[in-house]
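Overview (structure and organization)
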Amino acid sequence: MSHDAGRDAQLPAPGEVGLKADAIGFLDALVIGLNATSPAYSLAAVIGAVVAFVGVYAPGVVLASFVPMLLIASAFYHLNKADQDAGTTFSWVTRAMGPWAGWLGGWAIMMTGVLVVGSLADVAVRFGLLAVNLDDWADDEPVRQSLAVVVIIALTALCVIGTEASARVQRVLILAQVAFLLVFAIVAISRVYAGSGLPDSIEPGWSWLNPFGEGGAALTGGLLLGVFMYWGWESAVNLTEEVEDSATAPGKAGIWSTILLLATYLSVSIAVVAYAGTTFLTDNADEEESIFALLAGEAMGGWDWVVLLAVSTSAFASTQTTIIPASRTALSMARRGALPRTFARIHPRFRTPDIATWWVAGVAVVWYVVVNRISENALFDSLTALSLLIAFYYALTGVACVVYYRRHLLESARNLFLIGIGPLVGAGLLAWLLVESVRDMADPENSYSGDSWLGLGPPLVIGLGITAVGVVIMLVWRLRSAAFWSERRGVVDPALVPRKSAAGKES
């Protein structure tokens, strides 16, 4: 299938409207990519556990986790340059490696949204209530969960109303979130050097940036958590059909998202480790996202609401942006015949995939409510299962980049590294982390609940179960509609291959 033929196959049918082109610019895409990772929430949820693995070398693990993310971001950039499809991984893997692999990649993206949206809304509500001193409401599960469902519905409606409206809200949320985090980091570091930190506070040192300080096994555990911290930046690329300069701007937004996340994560993680010390963070690693709630009162005094609002706004923003890749992927799959055509519907006024968006939100609400009825630990176990799906579709995208551009890798050193070795190394690192995740999750003792499901840890059972359900749905749909599975692999348009002109500029 030629490049043009592949694009034609994805265009709306006669009489149908498509996604709104040029709805947002590069900066809006960048903001959405940043917010999708939920920086404050991700730090709060992960930093204690990372310190438990590697001690003061936690900032080094944050730095090391950035490497595979940047390499995969390069793959997203170059694949998006060849194919501006809202389905991203689904579309690219389908064209490079065939419909079966593409379908599973798309399924993984959709399910990550389903697993995490409810938890993000729960955190947003919990920390918002704590910030305004409504602690009793925050601890009341029926009240908190009801408010979380309301938040999901409201933010889903905002996603449907339009990408521009979503972008405006995201700008405010990212500014508030980053400002709150920087205030906390500055205050915490200042108190360390003033000698008024916690009893075990430590002055930071350059050695903290060494990820190998605690050895290989500890690094593996830390990297598994680090991948979760960075996950979500590709939401900017899922909006490719709605971004100005769609061939390059979304991919650049994804790359810059990872770079800005690195700066944020490094500064805050150094401040947290220095102020609290490793003993405090290790002892409270099981507190999950509440680690900032514990530190806020200590570091900020009466201004602890600043940190609480940082986590709350972070989770609010990510609740909305996490719906985007799942809904756009469902839209793309439906346009190609890989899912029922109804998911490809575009709202005639708002020019957004309304049915796909509401379906993603609806399934996410059901998952959140049902799993919470089992136990809160079961919800945390489902979040742990995310690492399997994330590592899978990121690695798949890296391999797809190499396969897609394979005939052009040796044309220049730049091609060899940026669309060959780089994405392949990133995919290899993530595949290694995927295998390590499976080994770790097989032990029930490594789960939050400590329970045994079918002799395995609940997170692994959830991950394998979601994969099995996807395979069944794929096979059933294959029997009902065979058109998608007859697609041929794509061929790279030579004009899309990165080159250097005589002046040294990329053409």
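See the structure shown above.
Residues numbered from 1 in each chain as written. Predicted model: local features only at pLDDT ≥ 70, side-chain atom pairs only at ≥ 80, totals over all residues. Heavy atoms only, no water.

**Points about the overall build of the protein**
How we decide: Helix numbering and strand numbering both begin at the N terminus, where a helix is a DSSP run of H or I of at least 4 residues and a strand a DSSP run of E of at least 2. Burial classes follow relative accessibility: with a 1.4 Å probe on protein chains only, a residue under 20% of its type's maximum area counts as buried, one over 50% as exposed, and anything between as partly exposed. Whether two residues are in contact is decided by their heavy atoms, any of which lying within 4.5 Å being enough.
For the protein, the helix and strand inventory stands at 19 helices and zero strands. For the protein, buried positions account for 59% of its 507 residues. Excluding contacts between residues fewer than 6 apart, the proportion of contacts in the protein whose partners are at least 24 apart in sequence is 80%.

**Some words on the nonpolar core**
Applicable threshold: We define a nonpolar core as any set of buried Ala, Val, Leu, Ile, Met, Phe, Trp, Tyr and Cys residues linked to one another through side-chain atoms lying within 4.5 Å.
Core analysis: the largest hydrophobic core is formed by 130 residues, its most contacted members being Trp 103, Tyr 230 and Tyr 394. Other than its neighbours up to four places away in sequence, Tyr 230 contacts Thr 37, Val 62, Ser 65, Phe 66, Met 69, Thr 258, Leu 261, Leu 262 and Tyr 265. Among the nonpolar cores identified, the runner-up in size contains 19 residues, and Val 149, Ala 364, Ala 378 and Leu 379 belong to it.

**A word on the packing of helix H4 (residues 58-82) against helix H17 (residues 386-404)**
Rules: All axes are obtained by fitting lines to C-alpha atoms, using only the stretch in contact for helices, and the reported angles, taken between N-to-C directions, cover 0 to 180 degrees. Any angle that falls under 35 degrees is termed roughly parallel, while one over 145 is termed roughly antiparallel, one within 65 to 115 roughly perpendicular, and all others oblique. Left-handed describes a crossing whose near helix is turned anticlockwise from the far helix through less than a right angle; right-handed describes the clockwise counterpart. Only Asp, Glu, Lys and Arg are considered charged in this grouping, and only Ala, Val, Leu, Ile, Met, Phe, Trp, Tyr, Cys and Pro are considered nonpolar; every other residue, Gly among them, is considered polar.
Following both chains from N to C, one finds H4 and H17 inclined at 50 degrees, their axes separated by 9 Å at the closest point. It follows from the interaxial angle that H4 and H17 lie oblique. At the point where H4 passes H17, the crossing takes the left-handed sense. The residues of H17 that touch H4, namely those facing Met 69, Ile 72, Ala 75, Phe 76, His 78, Leu 79 and Ala 82, are Tyr 394, Thr 397, Gly 398, Ala 400, Cys 401 and Tyr 404. Residues belonging to the contact of H4 with H17 are distributed by class as follows: ten nonpolar, three polar and no charged.

**Overview of helix H6 (residues 99-131)**
To be explicit about the condition: The span you would expect from a helix comes to 1.5 Å times its residue count less one. Bend at a given residue is defined as the angle between two axes, one fitted to the seven residues that end at that position and one fitted to the seven that begin there.
Between its first and last C-alpha, H6 extends 48 Å over 33 residues, near the 48 Å set by a 1.5 Å rise per residue. At Val 116, H6 is deflected by roughly 35 degrees, the largest bend along its length. Among the 33 residues that make up H6, 29 are buried, leaving the element largely enclosed by the rest of the structure. Directly after H6, the chain includes Asn 133, whose backbone phi takes a positive value near 65 degrees.

**A word on unusual backbone geometry**
With a phi close to 60 degrees, Asp 22 is a non-glycine residue in the positive phi region. For Asp 22, the location among the structural elements is in the loop between helix H1 (3-8) and helix H2 (26-36). Here the phi dihedral of Asp 245 falls at roughly 55 degrees; this positive angle occurs in a residue that is not glycine. Examined against the element boundaries, Asp 245 turns out to sit in the loop between helix H11 (235-238) and helix H12 (249-283).

**Thoughts on the packing of aromatic side chains**
Operational definition: Two aromatic rings, drawn from Phe, Tyr or Trp (for Trp, its six-membered ring), form a pair once their centres lie within 6.5 Å of each other, and the interplanar angle then sorts them: stacked below 30 degrees, edge-to-face above 60, tilted otherwise.
Throughout the structure, instances matching the rule amount to 13 aromatic pairs. For the pair Phe 76 and Trp 233, a centre-to-centre distance of 5.0 Å together with 75 degrees between the ring planes defines the contact as edge-to-face. Residue Phe 76 is found in helix H4, and its partner Trp 233 is found in the loop between helix H10 (216-230) and H11; the two are separated by 157 residues along the sequence. Given a relative accessible area of 0%, Trp 233 falls into the buried group. Centre to centre, the rings of Tyr 393 and Tyr 394 are 5.0 Å apart; their planes meet at 65 degrees, and the pair counts as edge-to-face. For the pair Tyr 393 and Tyr 394, one class covers both residues: buried.

**What to know about a nonpolar patch on the surface**
What counts is decided by this rule: A patch consists of residues exposed above 30% relative accessible area that lack any salt bridge, with like charges linked at up to 9 Å and nonpolar side chains (Val, Leu, Ile, Met, Phe, Trp, Tyr) linked at up to 5 Å. Accessible surface is estimated by sampling points in the Shrake-Rupley manner with a 1.4 Å probe; for residues, cover comes only from the protein chains shown. Criterion for a salt bridge: a side-chain nitrogen of Lys or Arg within 4 Å of a carboxyl oxygen of Asp or Glu.
Residues Val 67, Leu 410, Leu 416, Phe 417, Ile 421, Val 425, Leu 429 and Trp 432 make up a contiguous nonpolar surface patch of about 710 Å² in total accessible area. Looking at the nonpolar patch element by element, the count peaks at six residues for helix H18 (residues 413-441). Assignment of secondary structure puts Val 67 in helix H4.

**Let's talk about the packing of H4 against H18**
Relative orientation of the contacting elements H4 and H18 amounts to 130 degrees, with a least axis distance of 8 Å. Comparing their axes, H18 and H4 come out oblique. Crossing of H4 over H18 shows left-handed handedness. In this structure, H4 uses Pro 68, Met 69, Leu 71, Ile 72, Ser 74, Ala 75 and His 78 to contact H18, whose residues at the interface are Arg 414, Phe 417, Leu 418, Ile 419, Gly 422, Pro 423, Val 425, Gly 426, Ala 427, Leu 429 and Leu 430. Residues that form the contact of H4 with H18 fall into these classes: 13 nonpolar, four polar and one charged.

**Points about the pattern of salt bridges**
Inspection of every chain in the model, using the stated rule, returns eight salt bridges. Of the charged contacts in the structure, one is a salt bridge between Glu 241 and Arg 335, with a shortest N-O distance of 2.7 Å. With Glu 241 in the loop between H11 and H12 and Arg 335 in helix H14 (residues 305-335), the pair connects residues that are 94 residues apart, well separated along the chain. The two residues Glu 241 and Arg 335 agree in class, both being buried. A salt bridge links Arg 439 to Glu 436; the nearest nitrogen and oxygen atoms lie 3.3 Å apart. Remark: Glu 436 and Arg 439 occur in helix H18; sequence separation between them is three residues, near one turn of the helix.

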